[in-house]
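Structural characterization, general
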Amino acid sequence: MIKYFYTLLFFILPHSVLRAQTTSLKTWYTKPAAQWEETLPLGNGRLGMMLDGGISHENIVLNDITLWSGAPQDANNYEAYKKLPEIRKLLLEGKNADAQAIIDKDFICTGQGSGGVNYGCYQTLGNLDLKFDYNGITGKDVKYEDYYRELSLNNAVAISRYRVNGINYKREYFTSFGNDVDVIRLTADKPGQLNCKIAMNRPERSATTVQGNELQMYGQLDNGIDGKGMKYIARVKTLLKGGKLTTDAHSLIVKNASEVIIYLSAATDLKNPLYKEKSGQILDAAMKVSYAVEKQHHITNYQKLFNRVSVNLGTDNGNTVATDIRLKNFHDNPKADNGLPVLFYQFGRYLSICSTRVGLLPPNLQGLWANQLVTPWTGDYHLDINVQMNHWPVEVSNLSELNLPLTELVKGMVKNGEKTAKAYYNADGWVAHVITNIWGFTEPGEAASWGITKVGSGWLCDNLWQHYDFTNDKNYLRDIYPILKGSAQFYNSMLINDPKTGWMVTAPSSSPENGFYLPDGRHASICMGPTIDNQIIRELFNNVITASRVLGKDEAFRNTLIAQLKKIPPPGVVAKDGRLMEWLEDYKELEPHHRCISHLYGLYPASLITPEGTPELAEASKKTLEARGDDGPSFSIAHKMLWWARLHDGNRAYKLFNQLITPTLATFMNYGDGGGIYPNMLSAGPPFQIDGNFGGTAAVAEMLIQSHAGFIELIPAIPDSWKASGEVRGLKARGNYTVNMKWKDGKITDYHILSAQNRKVKVKINGVIKNISTEKV
């Protein structure tokens with residue numbers, strides 16, 4: 001399947017080069033970073049660096065996407081299914097709080113769940129520590145001027161430069177898409193002026209040593225069993241022009257050099273028993289290539305992905321000021337800088353390219369970049385929106401292959417998910433709940449209020465399906481079909497009849513991560529058939545039916561699902577107040593402004609609710625959004641952008657975009673209102689969560705193109721401030737179409753729909769649906 005995909009990619013790339021963003025896309029600053037949220041993120045899908053550009057001391061935070069504590073575990077409670085009849089009886093009697101008490105006691109995972117060491121946590125690799133000496137002047141005594149720090153999105157290269165005592169210093173950094181190493185080049189415009197000490201450190205479970213002229217840091221993380229978890233190593237070597245390299249027990253010391261190139265290789269033993277040897281081989285191979293060749297190889301490989309899409313929204317005069325100031329200016333007057341939404345969108349594409357790679361892991365809650373041992377929310381994969389949101393921009397933004405690591409992660413969950421389905425529901429197929437990790441955790445979480453949501457597996461299947469929907473890759477569909485079918489088998493076999501409505505529904509379940517008041521004054525989260533369950537199951541069944549027909553298999557199971565679709569609830573029910581109901585019962589929600597609006601899943605990412613096809617449900621969705629309000633953590637604001645884009649309200653989506661990029665430096669963990677953006681343009685929950693970046697990126701694309709309602713629609717939710725003129729090249733539509741277009745005064749003036757073969761396709765242009773012939777790529 002992967003070989004086939006890259007064959008197709010080979011034919012697309014020569015055309016994609018023509019779509020390269022012609023404007024300079026960069027973030028830049030006039031001072032070193034004062035905190036981690038101001039540092040510049042670099043990554044090649046495996047290795048990551050966050051650099052602060054310090055003058056006398058630079059701390060570069062290091063990451064490896066595969067570095068996790070914990071280990072595989074079986075946290076299934078194999079007696080849980082015996083409690084299912086009692087739990088369901090209480091739910092049918094309206095005694096939800098009593099049912100929830102049983103779940104908290106007997107229907108959650110065994111052990112400590114996500115709070116335990118055995119579950120694990122994505123962790124920082126450590127720090128590369130550079131201390132500089134300017135002819136005897138060190139520390140706070142160093143006076144500098146003309147400071148500049150930049151991250152180029154066009155090239156995935158960062159620089160910092162400044163002047164000390166009349167000497168111009170420059171550092172250049174990249175995480176190589178060539179030889180898979182971190183590279184840092186130090187120069188000065190006068191010979192013999194580079195003096196620095198190079199060390200590495202990590203807060204725990206690490207040791208450093210010098211072997212010859214190589215600095216090493218290595219260790220073993222805690223697995224929560226015997227302490228002998230994942231092993232890792234990081235290696236540093238240097239190449240000097242002029243000067244001298246010496247060492248002490250824990251560092252490399254450079255004296256009087258004219259140029260220093262620092263190479264860093266790192267690896268873990270995750271599916272890599274020869275990690276030590278391979279990390280050394282990678283380092284040696286990189287050092288045999290000239291710096292100029294390595295840098296060009298890196299840029300060429302990176303641009304094969306990045307240059308597929310270009311966006312121009314008109315006026316772009318904001319990059320004349322540093323990015324932290326530009327963010328503040330935009331927030332005060334968004335109409336004056338149409339270049340910032342472009343920068344934000346392309347920054348999201350940059351982050352996707354840099355935080356995942358075919359054959360490795362998908363981006364987690366931190367993407368790739370973490371500066372802590374205990375990352376917020378364990379830096380894992382949350383299945384009730386977060387990991388899915390991380391992947392929403394990749395298909396439409398012409399980065400389709402970056403969905404494949406998620407597919408591999410899901411494959412690794414299925415076997416344990418089958419055990420979980422039997423243990424808790426005595427059901428067929430496989431299921432995953434709210435959280436997972438690289439070890440394939442599928443059990444309920446450790447608390448009923450959030451941990452029993454059971455459509456994590458169904459939601460993941462939507463992401464897997466989207467890759468097929470955009471690519472039409474039947475080999476891929478054949479590969480994922482058992483996953484989709486297994487998920488559908490689970491829901492089909494565990495649904496029960498609700499005697500009040502006659503519908504077949506899930507029980508027990510919950511609507512992530514909200515609760516409601518019961519008539520007796522108590523509150524609960526556990527319920528039957530929340531709207532999101534009904535929507536995800538309906539979508540999944542339809543997708544499996546389609547896949548079965550495309551692949552010509554499983555007719556009997558297909559017919560079973562067709563019959564079941566008639567028995568499950570519709571995509572939504574309108575409450576008395578005009579809003580979409582979140583639960584089967586019209587409960588009063590515990591948090592009226594809750595960050596999750598899970599019952600709008602049918603509006604996005606699904607296509608069950610559309611203004612064209614279900615106008616009543618679309619109107620109820622609007623009222624739901626109005627009632628919930630615009631505030632929330634960044635992922636919530638981004639999701640609201642997407643919903644308003646689907647409702648064709650570009651101005652409301654744009655208002656939310658302005659809110660999404662509210663400047664902040666806050667890092668306190670916040671579950672409610674907040675959001676914002678850090679000076680380095682990473683999204684604040686707070687703290688940093690990369691899903692706000694990815695969700696916002698997807699929303700900008702959704703404002704420009706939609707293809708979920710049976711046709712391609714151009715600029716369906718364009719705000720007034722983008723209407724004057726614009727051009728987009730390289731966006732993708734479902735069906736494996738590539739779209740180029742121009743507009744003026746809010747009207748499309750030129751467009752080209754390209755595909756591998758000449759085909760007919762429906763396109764909505766300036767309000768009119770046309771059947772057009774595509775152009776051949």
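Residues numbered from 1 in each chain as written. Predicted model: local features only at pLDDT ≥ 70, side-chain atom pairs only at ≥ 80, totals over all residues. Heavy atoms only, no water.

Each helix and strand in the protein chain was counted, giving 19 helices and 32 strands. At 26 Å, the protein chain has a C-alpha radius of gyration in line with the 28 Å of a compact globule built from 777 residues. By the burial criterion, 64% of the 777 residues in the protein chain qualify as buried. For the protein chain, contacts bridging at least 24 residues in sequence account for 68% of all contacts bridging at least 6. Accessible surface, the protein chain as shown: approximately 27200 Å² in total, 51% of it carbon and sulfur. Computed over 83 positive and 78 negative side-chain charges, the separation of the two mean positions in the protein chain equals 5 Å. (Helix = DSSP H or I, 4+ residues; strand = E, 2+ residues; numbered from the N terminus. Rg over C-alpha atoms; globule rule 2.2 N^0.38 Å. Buried < 20%, exposed > 50% of the residue type's maximum accessible area, 1.4 Å probe, protein only. Contact = heavy atoms within 4.5 Å. Areas by Shrake-Rupley, 256 points an atom, 1.4 Å probe, with all protein chains shown as cover. Lys, Arg positive; Asp, Glu negative; His and termini not counted. Charge placed at Lys NZ, Arg CZ, Asp CG, Glu CD.)

With 224 residues, the main nonpolar core has L128, I198, Y350, Y425 and L704 as its most contacted residues. With near-sequence residues (within four places) excluded, I198 lies in contact with L128, D129, L130, L215, V236, T238, H250, S251, L252, V254 and I262. Residues V157, I261, Y263 and I299 belong to the second largest nonpolar core, which totals eleven residues. (Core = buried A, V, L, I, M, F, W, Y, C linked by side-chain atoms within 4.5 Å.)

So, on to the packing of aromatic side chains. With the rule as written, the count across this model stands at 32 aromatic pairs. Taking the centre distance of 5.1 Å and the plane angle of 85° together, the rings of W459 and Y601 count as edge-to-face. Separated by 142 residues along the polypeptide, W459 in helix α12 (residues 456-471) and Y601 in the loop between β24 (588-589) and α16 (615-628) bring together distant segments of the chain. The class for W459 is buried, based on a relative accessible area of 3%. Judged by relative accessible area, Y601 falls into the buried class, the value being 1%. Here the aromatic residues F132, Y134, Y144, Y147, Y162 and Y169 are joined through ring pairs into a cluster of three or more. The lysine or arginine in question, R349, covers the ring of F306, its NZ or CZ lying 5.4 Å from the ring centre. (Phe/Tyr/Trp six-rings, centres within 6.5 Å; stacked < 30°, edge-to-face > 60°. Lys NZ or Arg CZ within 6 Å of the ring centre and 35° of its normal.)

Here we take up unusual backbone geometry. Here the amide bond leading from A507 into P508 is cis, since omega sits at -5°, within 30 degrees of zero. Within the fold, P508 resides in the loop between β21 (504-505) and β22 (516-517). At the junction of G685 and P686, the peptide bond is cis and its omega measures out at -15° in the coordinates. Along the chain, the position of P686 falls in the loop between α18 (650-660) and α19 (691-704). Positive phi is not limited to glycine here, since N426 has a value of about 45°. For N426, the location among the structural elements is in the loop between α10 (414-425) and β19 (435-436). Residue classification places N426 among the exposed positions, given a relative accessible area of 51%. With a phi angle near 60°, N472 is a residue other than glycine that sits in the positive phi range. Position of N472 relative to the elements: it lies in the loop between α12 and α13 (474-494).

Moving on to α18. Note: α-helices contain 3.6 residues per turn, so residues at a spacing of three or four share the same orientation. Buried residues dominate α18, accounting for nine of its eleven residues. Regarding α18, the residues found buried are G650, R652, A653, Y654, L656, F657, N658, Q659 and L660. Considering only its buried residues, α18 is in contact with α6 (323-332), α7 (339-355), α16, α17 (634-646) and α19.

This part is about the sheet that holds strand β13 (residues 231-241). Spatially, nine strands are ordered β1-β6-β7-β8-β9-β16-β13-β12-β11 in an open sheet, and the strand pairing comes out antiparallel. With one partner strand each, in any of the chains shown, β1 (26-29) and β11 (207-211) form the two edges of the open sheet. Pairs of neighbouring strands in the sheet enclose a mean axial angle of 15°, with direction left out of account. The sheet strands contacting helix α4 (residues 275-287) are β12 (214-220), β13 and β16 (259-268), and the helix crosses β13 at an angle near 20°. (Pairing = 2+ DSSP bridges. Axes fitted to C-alpha atoms, helices over the stretch in contact; angles between N-to-C directions.)

In the structure shown here, the tally under the stated rule is 42 salt bridges. The salt bridge involving K411 is made with D479; its shortest N-O contact spans 2.7 Å. One end of the pair, K411, is in helix α9 (residues 404-411); the other, D479, is in helix α13, and 68 residues separate them in sequence. Judged by relative accessible area, D479 falls into the partly exposed class, the value being 26%. Where R595 meets E513, a salt bridge forms, and the shortest distance between an N and an O atom there is 2.7 Å. (Salt bridge = Lys/Arg side-chain N within 4 Å of Asp/Glu carboxyl O.)

On to the sheet that holds strand β4 (residues 57-64). Taken together, seven strands build an open sheet; the order of strands is β2-β3-β4-β5-β10-β15-β14 and the sheet is antiparallel. This sheet does not close on itself; its edge strands, each paired only once, are β2 (40-43) and β14 (244-247). Each strand axis lies, on average, 20° off the axis of its neighbour in the sheet, ignoring direction. Both strand β3 (residues 47-51) and β4 contribute to a ladder of five bridges, which runs antiparallel. Along β4, the bridge assignment pairs L51 with I60.

Our next topic: the pairing of strand β28 (residues 737-744). In terms of burial, β28 is largely enclosed, as six of its eight residues are buried. One ladder, built from eight bridges, connects strand β27 (residues 725-733) with β28; its direction is antiparallel. Its bridge partner being in β28, R729 is matched across the sheet by N740. Alignment of β28 against strand β29 (residues 747-755), held across seven bridges, turns out to be antiparallel. By the bridge assignment, W743 is partnered in β29 with I748. In textbook terms, the turn of a hairpin is the stretch between consecutive antiparallel strands, and for β28 and β29 this stretch comprises two residues, one of which, D745, has a positive phi near 55°.

Locating E713 in the fold gives a position in strand β26 (residues 712-714). Contacts of E713, omitting those with residues within four sequence positions, involve E612, H648, L704, I705, Q706 and K764.

To continue, consider the environment of P663. Note that P663 resides in the loop between α18 and α19. In this structure, the C-alpha to C-alpha distance between P663 and Q281, residues 382 residues apart in sequence, is 43 Å. Dropping the residues within four chain positions of it, P663 is found in contact with L327, K328, H331 and I677.

A residue-level look at the protein chain finds 97% of positions with pLDDT of 70 or above and a mean pLDDT of 95. Taken as a whole, residues 1-18 scores under 50 in pLDDT and shows 26 contacts with residues more than four places along the chain or in a different chain. (pLDDT = per-residue confidence, 0-100.)

Next up on the list: the pairing of β2. Across the two faces of β2 the burial is the same, with L40 and L42 and P41 and G43 all buried. Bridging between β2 and β3 involves four bridges; their strand directions are antiparallel. In the sheet register, G43 faces β3, and the bridge partner there is G48. Where β2 hands over to β3, the hairpin turn is made up of three residues, of which G45 adopts a positive phi near 95°.

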